[in-house]
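Listed below are the residues making up each chain.
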Amino acid sequence: MTPHARFELFRDRADEWRWRLVASNGEIIADSAEGYASKQGAKRGIESVKRVAEDAAVVDADGE
């Protein structure tokens, strides 16, 4: 069975919920960047990323 990327939910030091996206090699490739008051809020954040990232454009922010 091939390992897959996964979202991990966890509580931070401020007791807020966060998520991180972990690649199959164990590297963290994205995170929530903000804490959520509830676990459900963090799960909604994950679902939002999954929904919009599939069709997201790649934009060169440096303009090069």
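Please refer to the structure placed before this passage.
Residues numbered from 1 in each chain as written. Predicted model: local features only at pLDDT ≥ 70, side-chain atom pairs only at ≥ 80, totals over all residues. Heavy atoms only, no water.

Chemist: Could you give an account of the sheet that holds strand E1 (residues 6-11), naming the residues involved and the relevant values?
Modeler: With respect to topology, three strands assemble into an open sheet ordered E1-E2-E3, the strand pairing being antiparallel. Each having just a single partner strand, E1 and strand E3 (28-31) make up the two edges of the open sheet. Each strand of the sheet is rotated relative to its neighbour by a mean of 30 degrees, with strand direction disregarded. One ladder, built from six bridges, connects E1 with strand E2 (residues 17-22); its direction is antiparallel. Bridged to Phe 10 within E2 is Arg 18. (Pairing = 2+ DSSP bridges. Helix = DSSP H or I, 4+ residues; strand = E, 2+ residues; numbered from the N terminus. Axes fitted to C-alpha atoms, helices over the stretch in contact; angles between N-to-C directions.)

Chemist: Which residues make up helix H1 (residues 39-53), and what values go with them?
Modeler: Given a rise of 1.5 Å per residue, 15 residues ought to cover 21 Å, and the 21 Å separating the end C-alpha atoms of H1 matches this to within 8%. Every buried residue of H1 is accounted for by Gly 41, Ala 42, Gly 45 and Ile 46. End-on, the buried residues of H1 take up no more than an arc of 150 degrees, which puts them together on one face. The exposed residues of H1 that point more than 90 degrees off its buried face are Arg 44 and Arg 51. (Expected span 1.5 Å × (residues − 1). Buried < 20%, exposed > 50% of the residue type's maximum accessible area, 1.4 Å probe, protein only. Arc of directions from axis to C-beta.)

Chemist: Help me get a handle on the nonpolar core, residues and values and all.
Modeler: Nonpolar side chains tend to gather and get buried jointly when the protein is soluble and globular. Formed by Trp 17, Trp 19, Leu 21, Tyr 36, Ala 42 and Ile 46, the largest nonpolar core amounts to six residues. Secondary structure elements with two or more residues in this core: E2 and H1. Considering each element in turn, this core owes the most residues, three residues, to E2. Discounting residues that sit within four places of it in the chain, Ala 42 has contacts with Leu 9, Trp 17, Trp 19 and Tyr 36. (Core = buried A, V, L, I, M, F, W, Y, C linked by side-chain atoms within 4.5 Å. Contact = heavy atoms within 4.5 Å.)

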